[in-house]
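Structural features, examined
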Amino acid sequence: MTEPVRVALVGCGFFARNHLFAWKDLAAEGAELVAVCDIDPAKAEAAATEFGVPHWYTDMDAMLTAESIDLIDIATRMETHRELVEKTVAAGVATVVQKPFAPNWADAVAMTEAADAAGVFLAVHENFRFQTPLRRVRAVLDSGVIGTPSWARISFRTGFDVYAGQPYFYDEERLIILDLGVHTLDIARVLIGEVAHVTCETQRRNPKVRAEDTATVMLRHTNGAVSVVDFSYESRKLPDPFPETLLEIEGPDGAIVVEPGLTMRVTVGDETTEADVGAPLLPWTSRPWHVAQEGVLVTCRHMLESFRAGRPADTSARDNLMTFALAEAAYEAADTGRAVTPVPVP
Ligand code: NAD
Ligand code: 89V
């Protein structure tokens, strides 16, 4: 009988519910949710009560001292990540931290290097690549039927009221590239390849928002491919595809298109097939978030399996630095009006 992996969650806010549901589902696969922590005692207690977690805390240090934890899942916001991760790494506890990894490059590198120096598992809960539609697209690419992609568009445009659940978006100094670009740029890396240089235009189209709410990024990949990665919270088209990532990928032998409603059309030669690549609804997921919510479950399962196997997660801290470097390059390109080579990952 394999010993359970003792999991603790830090941060019991808006999105953490999906982490809690996911870890409870993974109890059948050996995850044991032993404690939750939030500086707001009402949130910590409510999470523990609703999800049947034996202990709750308002201070992570106290939780690390009192509990025997194998894997800690940090679902707080980015400005708290470095302080918390440096503590969990110092305590030798395997750690998964939500995206954005950090508010800046220096913090992201510092956490990565601390974890590597300590030999501690550190991964970023970057879940778009684990969503069902995107795994289905990746499987078609891996089959080779359209050949090596040479052009792509990866698009996430919505007018869904993302501010209702995440009101802190209004005041961020840097918004959509850090919040959403880290997802879509990660998809570009995974599906098309690593990046040689980045150009970018940003816009602030909502006067209530302090930072950029729209970005149009162009990537020249090291394999010669070109991709357009565009994302906006100010798109007013209907039906609103939130939270679907739509895409077109072209290769020498065909193309893959994912349309609103998550129909995937694959063209090879003069034949086109279509498939529904939507995420299954789970007992605890609901439209329109269900695509993202299922991605949380698949991501948490990947973290559990990677930790158990003693191997880095696909979205390890060091891998996520490659994506974070694209986000920083996009900001620099938007500021300077020129193409920017991403900072090499140390
Ligand atoms: P939130 O503000 O609703 O929740 C964060 C919680 O962390 C709050 O309850 C706060 O009290 C708690 N907290 C803050 N500092 C703490 C500390 N030192 N110790 C313990 N608890 C602490 O934020 P949210 O909207 O749930 O977002 C959390 C993170 O999840 C963000 O980084 C966000 O980008 C990310 N997120 C990811 C996805 C996704 O994976 N697709 C979707 C939405 C949000
Ligand atoms: O998935 C996320 O990171 C959320 C979003 C609004 C993009 O769904 O912030």
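This text follows the structure it describes.
Here we summarise the structure given alongside this text. These figures come from a predicted structure and were not determined experimentally. (Residues numbered from 1 in each chain as written. Chains lettered and ligands numbered in written order. Predicted model: local features only at pLDDT ≥ 70, side-chain atom pairs only at ≥ 80, totals over all residues. Heavy atoms only, no water.)

This part takes up the site of ligand 2. Lining the immediate environment of ligand 2, one finds Lys99, Phe128, Val162, Gln166, Phe169, Asp179, Leu180, His183, Tyr233, Phe242 and Trp289. The contact in question runs from an oxygen atom of ligand 2 to an N or O atom on the side chain of Asp179, over 2.9 Å. In the complex, the protein chains occlude 93% of the 270 Å² of accessible area that ligand 2 would expose alone. With respect to the pocket detection grid, ligand 2 is positioned in the largest pocket. It is helix α8 (residues 176–191) that contributes the most residues to the shell around ligand 2, three residues altogether. The residue makeup of the shell around ligand 2, split by class, is seven nonpolar, two polar and two charged. (Near = heavy atom within 4 Å. Polar contact = N/O pair within 3.5 Å; in protein donor to acceptor, adjacent residues only side chain to side chain. Areas by Shrake-Rupley, 256 points an atom, 1.4 Å probe, with all protein chains shown as cover. 1 Å grid on protein atoms, 1.4 Å probe; cavity = no way out; pocket = protein on both sides within 12 Å on 5 of 7 lines; lining within 4 Å. Sits in = over half its atoms within 2 Å of the grid points. Helix = DSSP H or I, 4+ residues; strand = E, 2+ residues; numbered from the N terminus. Nonpolar A, V, L, I, M, F, W, Y, C, P; charged D, E, K, R; others polar.)

Cysteine pairs can be covalently joined through their sulfur atoms, and such a bond is termed a disulfide. The full count for this structure, using the stated rule, is zero disulfides. Free of any disulfide, Cys12 has its nearest cysteine sulfur in Cys37, 7.2 Å distant. (Disulfide = S-S within 2.5 Å.)

As a volume, the largest pocket reaches approximately 1,000 Å³. Those elements that provide at least two residues to the lining of the largest pocket are α3 (60–66), α4 (81–90), α7 (162–165) and α8. Ranked by residue count, the leading element in the lining of the largest pocket is α8, at four residues. For the lining of the largest pocket, the class distribution of residues is 26 nonpolar, 11 polar and 13 charged. Looking at the second largest pocket, its volume works out to about 220 Å³. What lines the second largest pocket is a set of 16 residues, among which Asp116, Val120, Phe121, Leu122 and Pro312 lie closest to the centre. Contributing elements (two or more residues each) for the lining of the second largest pocket: α5 (105–118), α9 (290–309) and α10 (317–336). Counting residues per element, the lining of the second largest pocket draws most heavily on α5, at three residues. When grouped by side-chain class, the residues that make up the lining of the second largest pocket number eight nonpolar, five polar and three charged. (Points joined across faces, edges and corners; volume = space filled by probe spheres on them.)

Turning our attention to the site of ligand 1. Lining the immediate environment of ligand 1, one finds 22 residues, of which Phe15, Asp38, Lys99, Asn127 and Tyr168 sit closest. One nitrogen or oxygen atom from the side chain of Arg77 is found 3.2 Å from an oxygen atom belonging to ligand 1. For ligand 1, the accessible surface in isolation is 860 Å², of which the surrounding protein chains cover 88%. In this structure, ligand 1 is accommodated by the largest pocket. Residue composition of the shell around ligand 1, by class: eight nonpolar, nine polar and five charged.

Put simply, Lys99 and Pro100 share a cis peptide bond, and its omega is -10°. Relative to the helices and strands, Pro100 is located in the loop between β5 (94–98) and α5. Cis geometry marks the peptide bond from Phe242 to Pro243; its omega dihedral reads -5°. Mapped onto the elements, Pro243 comes out in the loop between β10 (226–232) and β11 (246–251). Non-glycine residue Leu262 carries a positive phi angle of around 60°. Mapped onto the secondary structure, Leu262 falls in the loop between β12 (254–259) and β13 (263–268).

Structurally, Glu328 is set in helix α10. By relative accessible area, which is 18% here, Glu328 ends up buried. Sequence-distant contacts of Glu328, that is, excluding residues within four places in its chain, are made with Asn104, Trp105 and Arg174. (Buried < 20%, exposed > 50% of the residue type's maximum accessible area, 1.4 Å probe, protein only. Contact = heavy atoms within 4.5 Å.)

All right, on to the sheet that holds strand β4 (residues 71–74) then. As summarised here, the arrangement of the six strands in space is β3-β2-β1-β4-β5-β6, forming an open sheet in which the pairing is parallel. Each edge of the open sheet carries a strand with a single partner, namely β3 (55–57) and β6 (122–125). Ignoring which end each strand starts from, the neighbouring axes of this sheet average 25° apart. Bridge analysis of β5 against β6 gives four bridges, and the strand direction is parallel. Counted as the bridge partner of Gln98 is His125 from β6. Sheet strands touched by helix α2 (residues 41–51): β2 (31–37) and β3. Its angle to β3, the strand with the most contacts, is close to 165°. (Pairing = 2+ DSSP bridges. Axes fitted to C-alpha atoms, helices over the stretch in contact; angles between N-to-C directions.)

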